[in-house]
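This is what each chain is made of:
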Amino acid sequence: MDRLILDVPDYPEAGVVFKDITPLLADHDGFHAAIVALADAGRDESGAVVVDKVLGMEARGFILAAPVALNLEAGFVPVRKAGKLPRECLSESYSLEYGEATLEMHADAVSPGDRVLLVDDVLATGGTIAATRRLVESAGGVVVGAAVLMELGFLSGRDAFDDVACTALAVI
């Protein structure tokens, strides 16, 4: 997988090294293996599915979470930047590695008691996952885990949600 993720220095701003996953997405075998591995975070030790919904965070999380949801035979919920969803939304603001952001999901996307897996491409500071968790909990759902392609371990992002199991396919 490492050879299919490219570093792009100084994007989106100076000092940030962007992780370009488009080569991974273009490689059928690599993409398939990544989806299957991410979906494992939504199963128990026996292989049984333990989630009702898979949430993907804008934007690259969508690309990963939708096929993970299909793999798990679960629903997919997009978590978007503020102002992108057409109906009543729950919203949560947070800090990220290089700024501030607000995430939203439809108010009825997660039902009370829904078991949810959060899926994203990169775990950096943990702000996106922590904010998404708060969205799920405000709707009455329960986050059972998170799964990411890669974790930037030097940023200690897991500290933002340390009581939620997180699967990272690669730690950088």
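Undergrad: Before we move on, can you summarise the packing of aromatic side chains with the specific residues and values?
TA: To describe a pair of aromatic rings, you give the distance between the ring centres and the angle between the ring planes. Enumeration according to the criterion identifies two aromatic pairs in this entry. Between Tyr11 and Phe18, the aromatic rings sit 5.2 Å apart at their centres with planes inclined by 85°, giving edge-to-face as the arrangement. Note on Tyr11: relative accessible area 46%, which makes it partly exposed. Phe18 gets classed as partly exposed once you look at its relative accessible area, which sits at 24%. Between Phe62 and Phe76, the aromatic rings sit 6.4 Å apart at their centres with planes inclined by 85°, giving edge-to-face as the arrangement. Here the residue Phe62 occupies a position in helix α3 (residues 60-72), and Phe76 occupies one in strand β4 (residues 75-81), the gap between them amounting to 14 residues. Classification of Phe62 as partly exposed rests on a relative accessible area of 21%. A residue is classified by how much of its surface remains accessible, and Phe76, at 32% relative accessible area, is partly exposed.

Undergrad: Kindly report on helix α4 (residues 127-138), identifying the contributing residues and their values.
TA: Look at α4: 16 Å from first C-alpha to last across 12 residues, which is about the 16 Å you get at 1.5 Å a residue. α4 sits mainly inside the fold: nine of its 12 residues count as buried. Where α4 is concerned, the buried positions are Gly127, Thr128, Ile129, Ala130, Ala131, Thr132, Arg133, Leu135 and Val136. One or two residues past the end of α4 sits Gly140, with phi positive at roughly 95°.

Undergrad: Quick one: what's the story with the environment of Val116, residue by residue and with numbers?
TA: Looking at the element boundaries, Val116 is found in strand β7 (residues 115-123). With a relative accessible area of 0%, Val116 lands in the buried category. With 65 residues separating them in the primary sequence, Val116 and Val51 have C-alpha atoms 5.4 Å apart. Excluding anything up to four places from it in sequence, Val116 contacts Val51, Lys53, Leu55, Val110, Val136, Val142, Val143, Val144 and Gly145.

Undergrad: Describe in detail the pattern of salt bridges, supporting the description with residues and values.
TA: Counted according to the given criterion, the structure contains 10 salt bridges. Where Glu58 meets Arg80, a salt bridge forms, and the shortest distance between an N and an O atom there is 2.8 Å. With a gap of 22 residues between them, Glu58 in the loop between β3 (53-57) and α3 and Arg80 in strand β4 connect regions that are remote in the sequence. A relative accessible area of 18% means that Glu58 is categorised as buried. Under the relative-accessibility criterion, Arg80 is labelled partly exposed at 21%. With its nearest N and O atoms 3.1 Å apart, the salt bridge here joins Arg87 to Asp108. Within this pair, whereas Arg87 is found in the loop between β4 and β5 (89-96), its partner Asp108 is found in the loop between β6 (99-106) and β7, the two being separated by 21 residues in sequence. One salt-bridge network, in which partners are shared between bridges, spans Arg133, Glu137 and Asp163.

Thresholds applied
Residues numbered from 1 in each chain as written. Predicted model: local features only at pLDDT ≥ 70, side-chain atom pairs only at ≥ 80, totals over all residues. Heavy atoms only, no water. Phe/Tyr/Trp six-rings, centres within 6.5 Å; stacked < 30°, edge-to-face > 60°. Buried < 20%, exposed > 50% of the residue type's maximum accessible area, 1.4 Å probe, protein only. Helix = DSSP H or I, 4+ residues; strand = E, 2+ residues; numbered from the N terminus. Expected span 1.5 Å × (residues − 1). Contact = heavy atoms within 4.5 Å. Salt bridge = Lys/Arg side-chain N within 4 Å of Asp/Glu carboxyl O.

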